[in-house]
Amino acid sequence: MSTLASLGSARPPPPVPPSTLARRVRESCFAGPLNSLATLVMLALAFFLAQSAWRYLVTNGTWMPADIRVCVDGGGFCWAFVQDRWRQILFGTFPYDQQWRAALACVVFLLLLAASAWVSLRDGNARLLLAVWAVGGGVIAALMWGGVAGLAPVPARLWSGLPLTFMLAGIGTGAAFIAGVLLALARREGPPLIAWLATIYIEFFRGVPLISLLFVASIMAPLLLPPGVELDKLLRAQVAFAMFFAAYMAEAVRGGLQAIPAGQAQAATALGLGFWRVQALVVLPQALRIVIPSLVNIFIAAFKDTSLVVVISMMDLLGTANMARADAQWWGIYIEPYLFIGLIYLVLCTAMAAYSRALERRLNRGRA
């Protein structure tokens, strides 16, 4: 009885007060003397950098109308150059009067990415998303190539700037992801000969620089094709890009496959599921959840590495920035074009990283 009385009289622990912004800041930034000192040093450094950036970009910045001499005398960022050459940087050699098509194609591509992110984060209809991608891809192709609906034809050799960067990164990484999953399955689960061939492929493409593959696709591939057969340079570069990053994605996916206990696949097989259904329904969903950070890291690296196509005379975003900088009217401008495209890369890569974190939180919700 005394034991029951003592249990009945026991009081529950006091409720934990809700976490406020001030409390989180105090616990993370001012938890101790060293932590507080480091926070103050970082705040002082941030204030100094922000003040210098404001002075360079705004106070000493030069706006239109101005020329190169006015920009040099101003000592700040030459906004006049960006205002004068932003269309050349974004769309390059695409016909000037048709650049609205390239801009609309970029908007459609970004909307497709946003729709994909929404579906993955909100449990949307995946089949409907595939149909949307098919329609959106057709719209992008019509806008870029032309020849339909009264649009003037534009050859692929004139595609440049941001649309070319999006095309290389989007199609290249999409194809590389599919190939990477198949290579990882072949290396881990395939028969000895298939696993051996997949290993050779992965080790070879991980062991050669992307620039060398682009040179082979641009210079050597036409010499190896049968007479009368021609492949567009953009297509050859796209294939080289996808083959290169497929090897990296294969190893990332293989790491996720190794983390899944073998008993799960064996149990699914015992229930009568075939190999591909076991992989698609049981193994791959768990493996891909594990390797989301690694895959997104490869996606970001691939997006930035599209700038390497400039070595084979393809004008991506970096190539068009070099083209705009080489204009005689603005000879001597060096920082502005690279800061401009650097900001574009930073915004898009940050958006990919934020999506990755949101997807991880959603997939890990409710798990121990």
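Worth saying up front: this structure is predicted, and the values here are computed from it rather than measured.

Student: Hey, could you run me through the overall build of the protein in this one?
Tutor: Tallying secondary structure elements over the protein gives 16 helices and zero strands in all. Projected onto the principal axes, the alpha-carbon positions of the protein cover approximately 95 × 60 × 45 Å. Residue burial in the protein is summarised as follows: out of 368 residues, 36% are buried. Put simply, of all contacts in the protein between residues at least 6 apart along the chain, 69% involve residues at least 24 apart. For the protein, the exposed surface amounts to about 21600 Å²; the carbon and sulfur share of it is 70%. Averaging the locations of the 27 positively and 16 negatively charged side chains of the protein gives two centres separated by 13 Å.

Student: Help me understand a nonpolar patch on the surface in this model?
Tutor: There is a patch of nonpolar side chains on the surface, built from Ile211, Phe215, Val216, Ile219, Met220, Leu223, Leu224 and Val311 and spanning about 730 Å² of accessible area. When you line up the elements, Ile211 lands in helix 10 (residues 210–224). Judged by its relative accessible area of 31%, Ile211 falls in the partly exposed class.

Student: What exactly am I supposed to notice about the nonpolar core here?
Tutor: A general tendency of soluble globular proteins is for nonpolar side chains to be buried together. Counting 88 residues, the largest nonpolar core has Phe81, Trp159, Phe245, Leu257, Leu317 and Trp330 as its most contacted members. When residues in this core are grouped by element, the largest group, 13 residues, is from helix 11 (residues 233–258). Not counting chain neighbours up to four residues away, the residues in contact with Phe245 comprise Ala176, Leu210, Ile298, Ala301, Ala302 and Asp305.

Student: Got a minute to help me understand the pattern of salt bridges in this structure?
Tutor: Oppositely charged side chains may form a pair once their charged atoms are brought near each other. Counted according to the given criterion, the structure contains nine salt bridges. In this structure, the salt-bridge partner of Glu203 is Arg206, at a minimum N-O distance of 3.0 Å. Taken together, the residues span about one helical turn, with Glu203 and Arg206 both in helix 9 (residues 192–206) at a distance of three residues. Here Arg206 makes a salt bridge to Glu251, at a shortest N to O gap of 4.0 Å. Taken together, the residues span a long stretch of sequence, with Arg206 in helix 9 and Glu251 in helix 11 at a distance of 45 residues. Take Arg206: its relative accessible area is 33%, and that puts it in the partly exposed class. Glu251 sits in the buried class, given a relative accessible area of 18%. Here the residues in one salt-bridge network are Arg187, Glu203, Arg206, Glu251 and Arg254, joined through shared partners.

Student: Quick question: what am I supposed to make of the packing of helix 15 (residues 317–325) against helix 16 (residues 335–364) here?
Tutor: In helix packing, the relevant descriptors are the interaxial angle and the interaxial distance, both defined with respect to the helix axes. For the pair helix 15 and helix 16, interaxial distance at closest approach is 9 Å and the crossing angle is 160°. When the interaxial angle is binned, helix 15 and helix 16 end up roughly antiparallel. The chirality of how helix 15 crosses helix 16 is right-handed. Contacts between helix 15 and helix 16 pair Leu317, Leu318, Ala321, Asn322 and Arg325 from the former with Pro337, Tyr338, Ile341, Ile344 and Tyr345 from the latter. Across the contact of helix 15 with helix 16, the residue classes tally to eight nonpolar, one polar and one charged.

Student: Would you take a moment to explain the packing of aromatic side chains for this structure?
Tutor: The description of an aromatic ring pair uses the distance of the two centres, along with the angle that the planes make with each other. With the rule as written, the count across this model stands at 15 aromatic pairs. The interplanar angle of 40° and the centroid separation of 4.4 Å between the aromatic rings of Tyr201 and Phe205 together place this pair among those described as tilted. Of the two residues, Tyr201 and Phe205 are both situated in helix 9; the distance of four residues between them amounts to about one turn of the helix. Site record: aromatic cluster; members linked through ring pairs are Tyr56, Trp63, Phe77 and Trp79.

Student: Teacher, can you tell me more about helix 10 here?
Tutor: Note: α-helices contain 3.6 residues per turn, so residues at a spacing of three or four share the same orientation. For helix 10, with 15 residues, the first-to-last C-alpha span of 20 Å sits near the 21 Å given by 1.5 Å per residue. Along helix 10, the helix axis deviates most sharply at Ala217, where the bend reaches about 40°. Among the residues of helix 10, those classed as buried are Leu210, Leu213, Leu214, Ala217 and Ser218. On its buried face, helix 10 sits against helix 9, helix 11 and helix 14 (292–305).

What counts and how
- Residues numbered from 1 in each chain as written.
- Predicted model: local features only at pLDDT ≥ 70, side-chain atom pairs only at ≥ 80, totals over all residues.
- Heavy atoms only, no water.
- Helix = DSSP H or I, 4+ residues; strand = E, 2+ residues; numbered from the N terminus.
- Buried < 20%, exposed > 50% of the residue type's maximum accessible area, 1.4 Å probe, protein only.
- Contact = heavy atoms within 4.5 Å.
- Areas by Shrake-Rupley, 256 points an atom, 1.4 Å probe, with all protein chains shown as cover.
- Lys, Arg positive; Asp, Glu negative; His and termini not counted.
- Charge placed at Lys NZ, Arg CZ, Asp CG, Glu CD.
- Patch = residues over 30% accessible without salt bridge, like charges linked within 9 Å, V, L, I, M, F, W, Y side chains within 5 Å.
- Salt bridge = Lys/Arg side-chain N within 4 Å of Asp/Glu carboxyl O.
- Core = buried A, V, L, I, M, F, W, Y, C linked by side-chain atoms within 4.5 Å.
- Axes fitted to C-alpha atoms, helices over the stretch in contact; angles between N-to-C directions.
- Parallel < 35°, antiparallel > 145°, perpendicular 65-115°, else oblique.
- Left-handed = near helix turned anticlockwise from the far one by under 90°.
- Nonpolar A, V, L, I, M, F, W, Y, C, P; charged D, E, K, R; others polar.
- Phe/Tyr/Trp six-rings, centres within 6.5 Å; stacked < 30°, edge-to-face > 60°.
- Expected span 1.5 Å × (residues − 1).
- Bend = angle between axes of the 7 residues up to and from the residue.

Any functional reading would require information that these geometric values do not contain.
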